[in-house]
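Examination of the molecular architecture
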Amino acid sequence: MMSQVIMERKKIYSGSLLLVNSRYPLKNTVKERKKELVPASVNFPAILLKRDAANILQMVLEKIATRSLIVPVSGYRTQKEQEDIYNTSLRDNGEDFTKKYVALPRHSEHQTGLAIDLGIYKEKIDFICPDFPYTGICNKFRKAAPSYGFIERYQKDKEEITGISHEPWHFRYVGYPHSRIITDNNFAFEEYIEFIKDYTENSRLVYKDKSGTIIQIYYVPAEDQTVINLPDRCTCQISGNNTDGFIVTAWRKN
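Quick summary incoming for the structure in this document. (Residues numbered from 1 in each chain as written. Predicted model: local features only at pLDDT ≥ 70, side-chain atom pairs only at ≥ 80, totals over all residues. Heavy atoms only, no water.)

1. Describing the overall build of the protein
A count of helical and extended segments in the protein gives eight helices and twelve strands. For a compact globule of 254 residues, the expected C-alpha radius of gyration is about 18 Å, and the protein comes in at 18 Å, within 12% of that figure. For the protein, the C-alpha atoms occupy an extent of roughly 60 × 40 × 35 Å along the three principal directions. In the protein, which comprises 254 residues, the proportion classed as buried is 52%. Partitioning the intrachain contacts of the protein with sequence separation of at least 6 by distance along the chain shows that 65% fall at a separation of at least 24. (Helix = DSSP H or I, 4+ residues; strand = E, 2+ residues; numbered from the N terminus. Rg over C-alpha atoms; globule rule 2.2 N^0.38 Å. Buried < 20%, exposed > 50% of the residue type's maximum accessible area, 1.4 Å probe, protein only. Contact = heavy atoms within 4.5 Å.)

Here it is, written out as structure tokens:
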């Protein structure tokens, strides 16, 4: 048995699986996003994330018992904030550095509310390139994060695909099990968005996690009015990909 939902084309610009890069700018307005934002940490009320991402971030930090050793450095940015950061970096650091580490306004993941830069706690923290090494508590977070929905977004050796230099401090919320699949296959997020298009309603990706939950994932190309068939007796989530369609995630207990 199936149920159906109808999605307007503009909905491809909403959800946790939005691909935002130099090719695909963010389309939603500040007003549409800002109502969903909450502090990433009670100790840093000015650093905001979407509610789901903020809650999961705190869950991971509690899981690894950081004791405030890891701090949020930069979360959601408005259009003006991204413009200011970009222009300031051009002035202070030059064009080459800025192209490597700072996205153009509307092309930055920070404007989605789903990205967070993290740093190890120290007296002085670099706002653009915070210290987040592959050792100690930082690497403990990095290894735990994919089981909760976060990925390290800009990996080493993926620069030609992402258009951004390696950023060990930048994490992106995409939701589980997408985060686990991306990490286990060493995908850049761009590669995952293309990979998942091979799985349609009639040939779904089936993922079984350690708890015995069976998760089906499939892609539906967008039309002006897109009819999406959902499996019954499942918890379903639909996200736009910000490019050309929708990704359906359906959970069913075995």
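2. Some details on helix α2 (residues 51-63)
Compared with an ideal rise of 1.5 Å per residue, which puts 13 residues at 18 Å, α2 spans 18 Å between its outermost C-alpha atoms and is within 8% of the ideal. Of all the positions in α2, only Ala53, Ala54, Ile56, Leu57, Val60 and Leu61 are classed as buried. What you see down the axis of α2 is that its buried residues fit within an arc of 170°, all on one side. Counted as exposed and oriented over 90 degrees from the buried face of α2: Asp52, Glu62 and Lys63. Of the residues one or two after α2, Ala65 is the one with positive phi, at around 55°. (Expected span 1.5 Å × (residues − 1). Arc of directions from axis to C-beta.)

3. Side note on the layout of surface pockets
Space inside the largest pocket adds up to approximately 550 Å³. If you list the elements that add at least two residues to the lining of the largest pocket, you get α1 (30-34), α2 and β11 (235-240). Residue composition of the lining of the largest pocket, by class: seven nonpolar, eight polar and nine charged. (1 Å grid on protein atoms, 1.4 Å probe; cavity = no way out; pocket = protein on both sides within 12 Å on 5 of 7 lines; lining within 4 Å. Points joined across faces, edges and corners; volume = space filled by probe spheres on them. Nonpolar A, V, L, I, M, F, W, Y, C, P; charged D, E, K, R; others polar.)

4. Thoughts on the state of the cysteines
Such a bond, covalent and formed between the sulfur atoms of two cysteines, is termed a disulfide. Under the definition given, this model contains zero disulfides. Distance from the sulfur of Cys129, which forms no disulfide, to the nearest cysteine sulfur (Cys138) is 15 Å. (Disulfide = S-S within 2.5 Å.)

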